[in-house]
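Residues per chain, in single letters:
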Amino acid sequence: MAEAEIQQTGDAAGLAALIARAAGQTGEKARGLPPVERWNPPFCGDIDMEIRADGTWFYLGTPIGRQPLVRLFSTVLRKDEDGRTYLVTPVEKVGIRIVDAPFVAVEMSVTTDDRGQVLTFRTNVGDVVEAGSEHPLRFVVHGENRELKPYLHVRGRLEALVARPVMYDIVALGETVAIDGVEMFSVRSGGTVFPIMPAAELEALSR
């Protein structure tokens with residue numbers, strides 16, 4: 001797929017068709033996850049595609065309303081060591097813009113197995129991810145309003161921002177755990193403890 005070809009594509013459906021052909025994904029195969037980490041194509045420039053903080057995908061300034069197209073694009077996303085996120089096929093990669101995280105975790109279920117509590121998340125593009133040692137949760141306190149923003153590792157270097165309603169569900173499961181001598185408000189999943197913030201800081205925020 002040449003740079004001119006992808007740059008001249010005037011709609012998201014046409015762009016998706018080009019990507020599907022280049023990646024060799026047709027029919028049922030489009031549902032899988034291609035091995036983007038193993039591909040090393042040349043960089044062919046940036047395209048006018050952006051993923052907003054709420055998970056909405058835009059192409060040429062217009063929201064992509066068809067979820068199958070968004071799902072297809074999501075399967076060929078890759079974040080490289082340079083910190084940028086690309087759509088990648090075996091023959092090229094193109095840069096896109098990410099406002100916050102490429103995915104949003106929109107739902108969480110809580111189960112129990114021999115490891116204890118297990119938190120399983122569903123993303124806005126259909127990924128189902130179990131939080132644990134291979135898919136850690138991390139928590140950031142952001143901005144002047146001290147907003148708590150959890151992120152879940154999905155695959156590669158790609159993360160999902162946990163939606164606010166789901167974040168409240170996580171916090172409701174929190175407990176205080178001593179980590180390296182510091183009392184930390186934390187949550188457990190899959191046998192792993194994920195610190196959210198120092199317990200003393202949580203008490204200060206709740207006053």
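Before reading on, note that the structure itself is shown above.
Residues numbered from 1 in each chain as written. Predicted model: local features only at pLDDT ≥ 70, side-chain atom pairs only at ≥ 80, totals over all residues. Heavy atoms only, no water.

### Some points on the overall build of the protein chain
Operational definition: Here a helix means four or more residues in a row that DSSP labels H or I, a strand means two or more in a row labelled E, and each is numbered from the N terminus. Exposure classes here rest on a 1.4 Å probe applied to the protein chains alone. A residue is buried below 20% of its type maximum, exposed above 50%, and partly exposed in between. Contacts are assigned to residue pairs with any non-hydrogen atoms lying within 4.5 Å of each other. Accessible surface area values rest on a Shrake-Rupley calculation with a 1.4 Å probe, where residue burial reflects the displayed protein chains alone.
Summing up its helical and strand segments, the protein chain has five helices and 15 strands in all. The burial tally for the protein chain puts 44% of its 207 residues in the buried class. If you take every contact in the protein chain between residues at least 6 apart in sequence, the share linking residues at least 24 apart comes to 52%. When the accessible surface of the protein chain is totalled, it reaches about 10600 Å², and 50% of it is carbon and sulfur.

### Examining the layout of surface pockets
Condition: Within this scheme a cavity is a closed region of a 1 Å grid, computed over the protein atoms alone, that accommodates a 1.4 Å probe without allowing it to escape, whereas a pocket is open but has protein on both sides within 12 Å along at least five of seven lines; lining residues each have an atom within 4 Å of a point. Grid points are joined across faces, edges and corners, and a volume is the space filled by probe spheres set on the points. Residue polarity is assigned by list, with Asp, Glu, Lys and Arg as charged and Ala, Val, Leu, Ile, Met, Phe, Trp, Tyr, Cys and Pro as nonpolar; anything else, Gly included, falls into the polar class.
For the largest pocket, the calculated volume is near 210 Å³. Around the largest pocket sit 13 residues that line it, and Arg146, Leu148, Met167, Val171 and Met197 are the ones nearest its centre. Of all the secondary-structure elements, those providing two or more residues to the lining of the largest pocket are strand E11 (147–155), helix H4 (164–172), strand E15 (192–198) and helix H5 (199–205). The element contributing the most residues to the lining of the largest pocket is H4, with four residues. Taken together, the residues that form the lining of the largest pocket break down as ten nonpolar, no polar and three charged. Lys79, Ile98, Asp100, Ala101 and Pro102 are, among the 13 residues lining the second largest pocket, the residues nearest its centre. Looking at side-chain class alone, the lining of the second largest pocket contains five nonpolar, two polar and six charged residues.

### Section: the pairing of strand E12 (residues 158–162)
The condition that has to hold: Two strands are said to pair when DSSP picks up at least two bridges between them.
By the criterion of burial, E12 is predominantly enclosed, with five of the five residues buried. In this structure, strand E7 (residues 103–113) lies alongside E12, joined through three bridges in parallel fashion. Bridge pairing in E12 links Phe103 to Ala160. The pairing of E11 with E12 spans four bridges and is antiparallel. Residue pairing in the sheet places Arg155 in a bridge with Leu158 of E12.

### Thoughts on the environment of Val182
Along the chain, the position of Val182 falls in strand E14 (residues 182–189). Along the chain, Val182 and Ala199 lie 17 residues apart, while their C-alpha atoms are 8.4 Å from each other.

### Notes on the pairing of strand E1 (residues 43–51)
Where E1 lies against strand E6 (residues 93–98), four bridges are found, and the strand directions are parallel. Each bridged residue has a counterpart across the sheet, and for Asp46 the counterpart in E6 is Gly95. Alignment of E1 against strand E2 (residues 57–59), held across three bridges, turns out to be antiparallel. In the strand pairing of E2, Ile51 is matched with Trp57. Between the end of E1 and the start of E2, which pair antiparallel, lie five residues, with Gly55 showing a positive phi angle near 90°.

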